[in-house]
Amino acid sequence: MSNKTRVLVTGAGGFIGSHLVKHLKEKGYWVRGVDIKRPEFGDTAADEFLDLDLRRWENCLSATEGIDEVYALAADMGGMGFISAHHAQILYNNSLINLHTLEAARENGAKRYLYTSSACVYPEHLQEDANVVPLKESDVYPAYPQDAYGWEKLISERLCMHYREDYGIETRTVRFHNIFGEEGTWDGGREKVPAAMCRKIARAKLLGDPTIEIWGDGEQTRSFCYIADCVEGIYRLMRSDHHEPLNLGQDRMISINELADIVANIAGIEISKKHVDGPQGVRGRNSDNTLLREVLGWEPKLSLEDGLAITYRWIEDQVRADMLAKGELSSAVAS
Ligand code: NAD
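The structure presented is a predicted model; accordingly, all values stated were derived computationally and were not measured.

J.: Would you explain the nonpolar core in this entry?
T.: In terms of nonpolar packing, the biggest core is built from 61 residues, with Val-9, Ile-16, Leu-24, Tyr-71, Met-197, Ile-201 and Ile-234 touching the most fellow members. Inspection of this core shows a minimum of three residues originating in each of domain 1 (6-179 + 225-248) and domain 2 (182-222 + 252-285 + 303-326). With sequence-adjacent residues up to four places away left out, Ile-201 is seen in contact with Ile-212, Ala-260, Val-263, Ala-264, Ala-267, Ile-269, Ile-271 and Tyr-312.

J.: Please explain the site of the ligand as it appears in this structure.
T.: Around the ligand, the structure places 26 residues, and the nearest of them are Ile-16, Asp-35, Tyr-149, Lys-153 and Ile-179. A distance of 3.4 Å separates an oxygen atom of the ligand from a polar side-chain atom of Lys-37. Here an oxygen atom of the ligand sits 2.8 Å away from a polar atom, N or O, in the main chain of Ile-179. For the ligand, the accessible surface in isolation is 810 Å², of which the surrounding protein chains cover 93%. Those elements giving two or more residues to the shell around the ligand turn out to be helix H1 (15-26), strand E5 (112-118) and helix H5 (148-167). Element by element, the count of residues in the shell around the ligand is highest for E5, at three residues. Of the residues assigned to the shell around the ligand, the class counts are 13 nonpolar, seven polar and six charged.

J.: Would you explain the side chain of Thr-116 in this entry?
T.: Position of Thr-116 relative to the elements: it lies in strand E5. On the basis of relative accessible area, Thr-116 is assigned to the buried category, the value being 5%. Here the side chain of Thr-116 touches Ala-72 through a polar contact of 2.8 Å, landing on its backbone oxygen. Residues within four places of Thr-116 in sequence aside, it is in contact with Ala-72, Leu-73, Lys-153, Val-174 and Phe-176.

J.: Sorry, what's going on with the sheet that holds strand E2 (residues 30-35) here?
T.: Two orientations exist for strands paired in a sheet by backbone hydrogen bonds: parallel and antiparallel. Reading across the sheet, the seven strands line up as E3-E2-E1-E4-E5-E6-E11 and stay open at both edges, with parallel pairing between neighbours. Lying at the two open borders of the sheet, with one neighbouring strand each, are strand E3 (48-51) and strand E11 (246-248). Averaged over all pairs of adjacent strands, the angle between their axes in this sheet comes to 20°, without regard to strand direction. In the sheet, strand E1 (residues 6-10) pairs with E2 via five bridges, with the strands oriented parallel.

J.: In this structure, what is going on with H5? I would like to understand it.
T.: Residues separated by three or four positions in an α-helix point in the same direction, a consequence of the helix having 3.6 residues per turn. For H5, built from 20 residues, the straight-helix expectation of 28 Å at 1.5 Å per residue is met to within 8% by its first-to-last C-alpha distance of 28 Å. Buried residues belonging to H5 abut helix H3 (80-83), helix H4 (87-107), E5 and strand E6 (170-176). Gly-168 sits one or two positions beyond H5 and adopts a positive phi of about 80°.

J.: Mind showing me how you'd approach the packing of H4 against H5 here?
T.: Two quantities define a packed helix pair, namely the angle between the axes and the distance from one axis to the other. It is at 9 Å that the axes of H4 and H5 come closest, and there the two elements cross at 15°. Classified by the angle their axes make, H4 and H5 are roughly parallel. Viewed along their axes, H4 and H5 form a crossing whose handedness is right-handed. Packed against H4, whose contacting residues are His-87, Ile-90, Leu-91, Asn-94, Ser-95, Asn-98, Leu-99, Leu-102, Glu-103 and Arg-106, the element H5 presents Ala-148, Tyr-149, Glu-152, Ser-156, Leu-159, Cys-160, Tyr-163 and Tyr-167 at the interface. Across the contact of H4 with H5, the residue classes break down as 10 nonpolar, five polar and three charged.

J.: Whenever I open this one, the domain arrangement of the chain confuses me. Can you help?
T.: Put simply, an interface is often sized by how much accessible area is lost when its parts join up. According to the domain assignment, the chain contains domain 1 (6-179 + 225-248) and domain 2 (182-222 + 252-285 + 303-326). The C-alpha centroid of domain 2 is placed 26 Å from the C-alpha centroid of domain 1. With 29 residues of domain 1 at the interface, the matching set in domain 2 holds 26 residues. Summing both partners gives a buried area of about 2,200 Å² for domain 1 against domain 2, and 56% of it is carried by carbon and sulfur. Broken down residue by residue, the surface that domain 1 buries against domain 2 is led by Phe-41, Ala-130 and Tyr-226, which jointly contribute 28%. Taken together, the connections running from domain 1 to domain 2 amount to two salt bridges. For Asp-76, the salt bridge goes to Arg-190, with nearest N and O atoms at 2.7 Å. Taken together, the connections running from domain 1 to domain 2 amount to 10 residue pairs in polar contact (both at pLDDT 80 or more). Within the residue set of the side of domain 1 that touches domain 2, elements represented by two or more residues are H1 and H3. When its residues are assigned to classes, the side of domain 1 that touches domain 2 shows 12 nonpolar, 11 polar and six charged.

So, how was this worked out
- Residues numbered from 1 in each chain as written.
- Predicted model: local features only at pLDDT ≥ 70, side-chain atom pairs only at ≥ 80, totals over all residues.
- Heavy atoms only, no water.
- Core = buried A, V, L, I, M, F, W, Y, C linked by side-chain atoms within 4.5 Å.
- Buried < 20%, exposed > 50% of the residue type's maximum accessible area, 1.4 Å probe, protein only.
- Domains from an automatic or database assignment.
- Contact = heavy atoms within 4.5 Å.
- Near = heavy atom within 4 Å.
- Polar contact = N/O pair within 3.5 Å; in protein donor to acceptor, adjacent residues only side chain to side chain.
- Areas by Shrake-Rupley, 256 points an atom, 1.4 Å probe, with all protein chains shown as cover.
- Helix = DSSP H or I, 4+ residues; strand = E, 2+ residues; numbered from the N terminus.
- Nonpolar A, V, L, I, M, F, W, Y, C, P; charged D, E, K, R; others polar.
- Pairing = 2+ DSSP bridges.
- Axes fitted to C-alpha atoms, helices over the stretch in contact; angles between N-to-C directions.
- Expected span 1.5 Å × (residues − 1).
- Parallel < 35°, antiparallel > 145°, perpendicular 65-115°, else oblique.
- Left-handed = near helix turned anticlockwise from the far one by under 90°.
- Buried area = accessible area lost by both parts, 1.4 Å probe.
- Salt bridge = Lys/Arg side-chain N within 4 Å of Asp/Glu carboxyl O.

See below:
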């Protein structure tokens, strides 16, 4: 398929960005990827990849030069452990990235701009119960996100709204609910809960020690959406004429204890959960997908079990290779 549209994916070295680049290439687009790092788990599929720090205005101008459509994914982010401990850094870095990228896209004449927001924009007081009412897009105001990460996302959502109204650039805003999958960060402090759970259970399996640490009592709830559905949803939103923020996630809510049980079942081991102190984020969160279904005529499809099975197998391979390299495992045990 050939398509003359030139698109930019920022954050193309990251988890969702690297998958999105592949998806857009399959659709026939010419793709420029930009990031401060290259994809960790394989080559980029982009036609061109620029190593640029998007906090800097002149780099944003270079990144958006000659570009028709921007998918803005670059962000300083991570799981709950990272987000709850780096408020100033996140607010500063992400504000600069998003202010400069959107203004540079406008100056360079981009026609469409998709901004990746987060369920972290929703007010904390609507998420205090594990059996939470699913969050619909209009619940966001009056605003009271839990962390600086969510406050910045909210301001950037508004920036997109005003740029569309004042300058006519067609902006789209997606609010992700916990995206997971293979080829994402699984270790080092920025990983999110599905990847961390797969890593802990893979280690338990390979070491023959069934104990898994879980932050808090494990009764906090979330919904999780597999990466292939995420990139399809992003693409459909960009092509739609819906310019208000839209949830993108699954609406099946489970507790973190249940997540551990599903992953253990995939790994084929019995686990023993040890609940320890740690950041848990809001008590409960789920996506209301009514508007998503209405606007896109579509919603994420892959079951949590199937998505986690693909993810677990990939992470178990990473963990095994890492343990072998560190001498934590003999090749006889690993095989
Ligand atoms: P990620 O951390 O894997 O990717 C973000 C990328 O942005 C990284 O590769 C990082 O190097 C890059 N980046 C950071 N600072 C930069 C800078 N100054 N200049 C250029 N690039 C920079 O995260 P992800 O999971 O792929 O998330 C993509 C987007 O989706 C982010 O905006 C994130 O906030 C949002 N989001 C993700 C989730 C999720 O569940 N993964 C949930 C809600 C929102």
